[in-house]
Structures are given as C-alpha cells and as structure tokens.
Amino acid sequence: MEPELEEMLKDLLWLNSVIATELIQITENTSQILRKEDIPESCRVEHAELRKRALEIAEKCQPCQALKDHLEKHQ
C-alpha cells in the first residue's frame, strides 16, 4: 500500500473513532435529558466499553493523549 494512502486510512480510522465516542456521549446526554434522570447503569457500563474499544482503535492509528484525557471526562 502506498504510504500516503495508508496515512490517510489511519487518519480516517482515528477520526471515526473520535466521532463514535462523541456520538456515544450525545446519546447519553439526550437520554438523560429525555428521562429527566440519570441513564441506566447497564447503559453506562456498555457505553464505557464502547468508548474503550473506540479509544483502542484510535490509539492504534494515532496515539493522542488529548483524546484519552477528553474521554476520561465523559465517564
């Protein structure tokens, strides 16, 4: 694979991982607003696992301390 293409794919995977984690947070926030109460614990646990996996994918492509720090604030 050409280096430029490989770098572009890594960037896209990283960006998609960031988008995924933010969408999880939007879902949690929306759920909390609509319920007028905290989200169920089962959702919180599952979302944490999804965030963790998305971060692993992002870190494999491009390590970024800022993303890790940001995601820790979500939890």
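Our structure is the block above this text.
About the cut-offs
Residues numbered from 1 in each chain as written. Predicted model: local features only at pLDDT ≥ 70, side-chain atom pairs only at ≥ 80, totals over all residues. Heavy atoms only, no water. Axes fitted to C-alpha atoms, helices over the stretch in contact; angles between N-to-C directions. Helix = DSSP H or I, 4+ residues; strand = E, 2+ residues; numbered from the N terminus. Parallel < 35°, antiparallel > 145°, perpendicular 65-115°, else oblique. Left-handed = near helix turned anticlockwise from the far one by under 90°. Contact = heavy atoms within 4.5 Å. Expected span 1.5 Å × (residues − 1). Buried < 20%, exposed > 50% of the residue type's maximum accessible area, 1.4 Å probe, protein only. Nonpolar A, V, L, I, M, F, W, Y, C, P; charged D, E, K, R; others polar. Core = buried A, V, L, I, M, F, W, Y, C linked by side-chain atoms within 4.5 Å. Salt bridge = Lys/Arg side-chain N within 4 Å of Asp/Glu carboxyl O.

Asks: Hey, could you run me through the packing of helix α1 (residues 3-35) against helix α3 (residues 65-74) in this one?
Replies: Each pair of packed helices can be described by the angle between their axes along with the distance between the axes. Their axes nearest at 11 Å, the elements α1 and α3 cross at an angle of 15°. Considering the angle they form, α1 stands roughly parallel to α3. Here the hand of the crossing between α1 and α3 comes out left-handed. Contact with α1, carried on its side by Trp14, Val18, Thr21, Glu22 and Gln25, involves Leu67, His70, Leu71 and His74 of α3 and no other residues of that element.

Asks: When you look at helix α2 (residues 41-61) in this model, what are you seeing that I'm missing?
Replies: Counted at 1.5 Å a residue, the expected span for α2 with its 21 residues is 30 Å, and the 31 Å between its end C-alpha atoms agrees. The elements touched by buried residues of α2 are α1 and α3.

Asks: Hey, could you run me through unusual backbone geometry in this one?
Replies: Backbone geometry follows two general trends: most residues other than glycine have a negative phi, and most peptide bonds adopt the trans configuration. Even without a glycine there, the phi angle at Lys36 is positive, about 60°. Along the chain, Lys36 turns up in the loop between α1 and α2. Note on Lys36: relative accessible area 74%, which makes it exposed.

Asks: In this structure, what is going on with the packing of α1 against α2? I would like to understand it.
Replies: Where α1 contacts α2, the axes come no closer than 8 Å and their chain directions differ by 165°. Relative to α2, the element α1 lies roughly antiparallel. Crossing handedness for the pair α1 and α2: left-handed. Side by side, α1 and α2 meet where Lys10, Leu13, Trp14, Ser17, Thr21, Ile24, Gln25 and Glu28 of the first sit next to Cys43, Arg44, His47, Leu50, Arg51, Ala54, Ile57, Ala58 and Cys61 of the second. Taken together, the residues that form the contact of α1 with α2 break down as 9 nonpolar, 4 polar and 4 charged.

Asks: It is not clear to me how the nonpolar core should be interpreted in this structure. Could you clarify?
Replies: Side chains of nonpolar character tend, in soluble globular proteins, to be buried together. By size, the foremost hydrophobic cluster in this structure holds 7 residues: Trp14, Val18, Leu55, Ala58, Cys61, Leu67 and Leu71. Considering every element that reaches this core, the biggest residue donor is α2, with 3 residues. With sequence-adjacent residues up to four places away left out, Leu67 is seen in contact with Trp14, Val18, Thr21, Leu55 and Ala58.

Asks: Just checking my understanding: could you explain the pattern of salt bridges for this structure?
Replies: As a working rule, side chains carrying opposite charge can pair if their charged atoms are close by. Taken as a whole and assessed by the stated rule, the structure comprises 5 salt bridges. One salt bridge in this structure joins Arg51 and Glu28, with 3.0 Å as the shortest N-O distance. With Arg51 in helix α2 and Glu28 in helix α1, this pair connects stretches of sequence that are 23 residues apart. According to the relative accessible area criterion, Glu28 is buried, its value standing at 5%. One salt bridge in this structure joins Arg44 and Glu41, with 3.6 Å as the shortest N-O distance. One end of the pair, Arg44, and the other, Glu41, are both in helix α2, 3 residues apart, so they sit about a helical turn from each other. Taken together, the salt bridges that share partners define one network made up of Asp38, Glu41 and Arg44.

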